[in-house]
Amino acid sequence: MEITNVTEYEAIAKEKLPKMVYDYYASGAEDQWTLQENRNAFARILFRPRILIDVNKIDMTTTILGFKISMPIMVAPTAMQKMAHPEGECATARAASAAGTIMTLSSWSTSSVEEIASTGPGIRFLQIRFFRLYVSKNRKVVEQLVRRAERVGFKAIVLTVDAPRLGRRESDIKNRPDSDFTNIHLHKQDVKWLQTITNMPILIKGILTGEDARIAVQAGAAGIIVSNHGARQLDYVPATISALEEIGRPVLFSLAAEGEAGVRKVLQMLRDEFELTMALSGCRSLSEITRNHVQLKMEITNVTEYEAIAKEKLPKMVYDYYASGAEDQWTLQENRNAFARILFRPRILIDVSKIDMTTTILGFKISMPIMVAPTAMQKMAHPEGEYATARAASAAGTIMTLSSWATSSVEEVASTGPGIRFFQLYVYKNRNVVEQLVRRAEKAGFKAIALTVDTPRLGRRESDIKNRFTLPPNLTLKNFEGLDLGKMDEANDSGLASYVAGQIDRTLSWKDVQWLQTITKMPILVKGVITGEDARIAVQAGAAGIIVSNHGARQLDYVPATISALEEVVKATQGRIPVFLDGGVRRGTDVFKALALGASGIFIGRPVVFSLAAEGEAGVRKVLQMLRDEFELTMALSGCRSLKEITRNHITTEWDTPRPLARL
């Protein structure tokens, strides 16, 4: 494989290095959240390029502590480099010198300061090396080390201040005990002490707050390196996006892969990429790069915002499949608009210091009445597809419903670990296929069937017709893979519509609900009811529950919004079975409104696939957490401490009769 960016060296290093060594270089502390965030935070900063500027000549040179270097990209201190390559730090030193930039040598290097000095000056510039210092308890050792570094020509001290103890790096624990090398009593006065034993300027490495930055200035620091120690100390600290790019792991991984040549390539690739970025941003020198050239990507504060990100990331055919509705898409809009016409009647002066959102669905206790609806073909949104959604739902303590048309099978989803899962069922013409599928779901631990009853034919989804929608060739409908039903043929309109016309049973009727009860012990929810008449028949047919749904407005257009149909269905069941809702839920306030109208819980669909497309499992987790937080706040502000306290009196709708005035 030709290396085209520095990230690709990691995979090569992982193959070449012993597991213990790779894990030492690659891992972070505890949950490794900050390790991921160090990269993710860069992705949230967008460019604001300027145009029509002569960028024929680009000057990347800069001056650091009085030393001129070729570019503002330097080599960070990384320990024990001979574990990566026999030449270790000597190779890195030569590569940095050849690139005309600064190398920082670690205290914990496998080459001494004298050995590094002996590698000689670089091709373009004099050798410029800094020395990273850990302060040991024995200050005489520190003094000797500093004097040795200064004597052999090192130009600055990089004082690491964020390691009074070693962070909990769980991959290292079995191989390497906590070190007692560093001094837990390191104090800002030690910066002044260091200034008395060396003429080298002192950079403070490990600052993350403005408060400590001000103290560093007062203590006489020559500079600051914003650092979280490569996310290897305290987890859940912010990412360290600094004005000065500092690279550590790319050096180690390229060193492991190709030795000095690899480090040279890393520095050259970063130099080339930086030069191109400057040119495309309209900057001819570093002094022309300003804060106005970047903007922070919008912080996600509600679930609706994920849709715009998904639209950017997904192929048009895939986004349109997830986002669109039937025909004029009136019901698609109405599913949202109808919620906005329901207003709150909050109660006041109620102790809401404790809010209980837990509920029981078909005998299963879950953390909140917010569940995941079945949405098809999730691997079109993200490579992990239904796996990621299943893990996110389980982590949130709620229910995931797997679609018949999933790109992961019931067995694969079950393999992700514990969780309460329902299975959404389309009834195929071949009832043997249906029976096999139901039995497989039950065997894999699924707890209920959500029988979709509103799809004798597929609704007219015009964007799918224009796009000639079909399942991408690398994916299959996994539940049908061994039955020659897992692929969709290309068609003159929608491949999915053709698939449904060929496979789904148009003769499906109420007697089939009773037939399903003979082949499974799982309770059956009837999904797609929007009238009181059908709700009463569902009760008579032995349904365990009803999901008020218009299929995400993707079947018959100009049917009511599900929130508008909900109360009629609830009244028709007379409390004999639970009623749920899907369609249009985007806020915790929507959840409250549905429960006030009699729903036992709600399901969300599009927010899941859009957040999955944007951020994978982490996005789905965020969506569930945001809705949970909003719902909890709505309960508190409405004066409700538990779900049973949410009543019809907490809302007012456009179809309500005027309320009599309360008497004193």
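Since the model is a prediction, treat every value here as computed from it, not as a measurement.

On to the overall build of the protein chain, then. Along the backbone of the protein chain there are 23 helices and 23 strands. Counting across all 664 residues of the protein chain, residues that qualify as buried make up 53%. Here the protein chain displays about 31,200 Å² of accessible surface, and carbon together with sulfur accounts for 52% of that area. For the protein chain, the separation between the mean place of its 83 positive charges and that of its 74 negative charges on side chains is 3 Å.

Quick look at the environment of Leu471 now. Relative to the helices and strands, Leu471 is located in the loop between helix 17 (462-467) and helix 18 (495-503). We classify Leu471 as buried; its relative accessible area is 5%. Residues Leu471 and Ala613, 142 residues apart in the sequence, show an inter-C-alpha distance of 16 Å.

Counted at 1.5 Å a residue, the expected span for helix 10 (residues 260-281) with its 22 residues is 32 Å, and the 31 Å between its end C-alpha atoms agrees. Of the positions making up helix 10, those classed as buried are Glu260, Gly262, Val263, Val266, Leu267, Met269, Leu270, Arg271, Phe274, Met278 and Ser281. Immediately beyond the C-terminal end of helix 10, within one or two residues, lies Gly282, with a positive phi of roughly 80°.

Membership of the largest hydrophobic core comes to 105 residues, with the highest contact counts inside it found for Leu425, Ile563, Leu566 and Phe631. Per-element accounting of this core gives the leading share, 13 residues, to helix 23 (residues 606-638). Ranked by size, the runner-up nonpolar core spans 65 residues in total, among them Met71, Met80, Ala163 and Ala257.

Close contact between helix 22 (residues 588-596) and helix 23 brings their axes to 7 Å; oriented N to C, the two are set at 60°. The angle between the axes of helix 22 and helix 23 places the two elements in the oblique class. By crossing handedness, the relation of helix 22 to helix 23 is classed as right-handed. Of the residues in helix 23, those in contact with Gly588, Thr589, Val591, Phe592 and Leu595 of helix 22 are Leu627, Glu630, Phe631, Thr634, Met635 and Ser638. Split by residue class, the contact of helix 22 with helix 23 holds six nonpolar, four polar and one charged.

What follows concerns unusual backbone geometry. Even without being glycine, Leu362 reaches a positive phi, approximately 50°. On the secondary structure map, Leu362 appears in the loop between strand 13 (359-361) and strand 14 (364-366). At Ala553, a position not held by glycine, the phi torsion is positive, near 65°. Structurally, the position occupied by Ala553 is in the loop between strand 20 (545-548) and helix 21 (562-573).

This paragraph deals with the packing of aromatic side chains. Considering all chains together, one arrives at 13 aromatic pairs under this definition. Ring plane angle 15° and centroid distance 5.5 Å describe the contact between Trp330 and Tyr558, whose orientation is recorded as stacked. Taken together, the residues Trp330 in helix 13 (residues 330-340) and Tyr558 in the loop between strand 20 and helix 21 connect sequence positions 228 residues apart. Judged by its relative accessible area of 37%, Trp330 is partly exposed. Site record: aromatic cluster; members linked through ring pairs are Tyr321, Tyr322 and Phe469. The ring of Trp193 carries the charged tip of Arg139 above its face, separated from the ring centre by 5.7 Å.

To continue, consider the pairing of strand 21 (residues 579-582). Both faces of strand 21 are covered, namely the face carrying Val579 and Leu581 and the face carrying Phe580 and Asp582. With three bridges joining them, strand 20 and strand 21 adopt parallel strand pairing. Bridging across to strand 21, Val548 finds its partner in Leu581. Handedness of the crossover is the feature at issue here: the chain leaves strand 20, passes through helix 21, returns alongside strand 21, and the resulting connection is right-handed. Two strands pair when backbone bridges link them, and strand 21 and strand 22 (residues 601-604) are joined in this way by three bridges, in the parallel orientation. The residue bridging Asp582 from the neighbouring strand is Phe603, located in strand 22. As a crossover connection, the stretch from strand 21 through helix 22 into strand 22 is right-handed.

For the coordinates displayed, the defined rule picks out 29 salt bridges. Here Asp320 makes a salt bridge to Lys316, at a shortest N to O gap of 2.7 Å. Taken as a pair, Asp320 and Lys316 lie in helix 12 (residues 316-323) at a separation of four residues, close to a single helical turn. Residue class for Asp320 comes out buried when judged on its relative accessible area of 13%. Sharing partners across several salt bridges, the network here consists of Glu87, Arg94, Glu260 and Arg264.

For the protein chain, the mean per-residue pLDDT works out to 89, and 91% of the residues sit at or above 70. Confidence over residues 177-184 falls short of pLDDT 50; this stretch has 22 contacts with residues more than four positions distant or in other chains. Confidence over residues 242-247 falls short of pLDDT 50; this stretch has 21 contacts with residues more than four positions distant or in other chains.

A separate point is the packing of helix 2 (residues 19-26) against helix 9 (residues 249-258). Here helix 2 crosses helix 9 at 155°, and the two axes come no closer than 10 Å. In terms of orientation, helix 2 lies roughly antiparallel with respect to helix 9. Counted together, Tyr22, Tyr25 and Ala26 of helix 2 and Arg249, Leu252 and Phe253 of helix 9 form the full contact between these two elements. Counted by class, the contact of helix 2 with helix 9 contains five nonpolar, no polar and one charged residues.

This brings us to the pairing of strand 17 (residues 420-425). Extensive coverage of strand 17 is indicated by the burial of six of its six residues. Because side chains alternate across strand 17, one face comprises the buried residues Ile420, Phe422 and Gln424, and the other comprises Arg421, Phe423 and Leu425, equally buried. Here strand 16 (residues 399-402) pairs with strand 17 via four bridges, running parallel. Paired with Leu402 across the two strands is Phe423, which belongs to strand 17. Inspection of the sheet shows strand 17 paired to strand 18 (residues 448-452) by four bridges, in the parallel sense.

This part takes up the side chain of Thr389. Within the secondary structure layout, Thr389 lies in helix 14 (residues 385-395). A relative accessible area of 0% places Thr389 in the buried class. Residues in contact with Thr389, not counting those within four places in the same chain, are Val372, Gln378, Met400, Val608, Leu612 and Val620.

This part takes up the environment of Ala553. Under the relative-accessibility criterion, Ala553 is labelled buried at 0%. Counting along the chain gives 443 residues from Ala553 to Thr110, while the straight-line C-alpha distance between them is 65 Å. Residues contacting Ala553, with those up to four places away along its chain left out, are Gly325, Ala326, Thr331, Leu332 and Asn335.

Conventions adopted
- Residues numbered from 1 in each chain as written.
- Predicted model: local features only at pLDDT ≥ 70, side-chain atom pairs only at ≥ 80, totals over all residues.
- Heavy atoms only, no water.
- Helix = DSSP H or I, 4+ residues; strand = E, 2+ residues; numbered from the N terminus.
- Buried < 20%, exposed > 50% of the residue type's maximum accessible area, 1.4 Å probe, protein only.
- Areas by Shrake-Rupley, 256 points an atom, 1.4 Å probe, with all protein chains shown as cover.
- Lys, Arg positive; Asp, Glu negative; His and termini not counted.
- Charge placed at Lys NZ, Arg CZ, Asp CG, Glu CD.
- Expected span 1.5 Å × (residues − 1).
- Core = buried A, V, L, I, M, F, W, Y, C linked by side-chain atoms within 4.5 Å.
- Axes fitted to C-alpha atoms, helices over the stretch in contact; angles between N-to-C directions.
- Parallel < 35°, antiparallel > 145°, perpendicular 65-115°, else oblique.
- Left-handed = near helix turned anticlockwise from the far one by under 90°.
- Contact = heavy atoms within 4.5 Å.
- Nonpolar A, V, L, I, M, F, W, Y, C, P; charged D, E, K, R; others polar.
- Phe/Tyr/Trp six-rings, centres within 6.5 Å; stacked < 30°, edge-to-face > 60°.
- Lys NZ or Arg CZ within 6 Å of the ring centre and 35° of its normal.
- Pairing = 2+ DSSP bridges.
- Right-handed = clockwise from strand over helix to strand, strands pointing away.
- Salt bridge = Lys/Arg side-chain N within 4 Å of Asp/Glu carboxyl O.
- pLDDT = per-residue confidence, 0-100.

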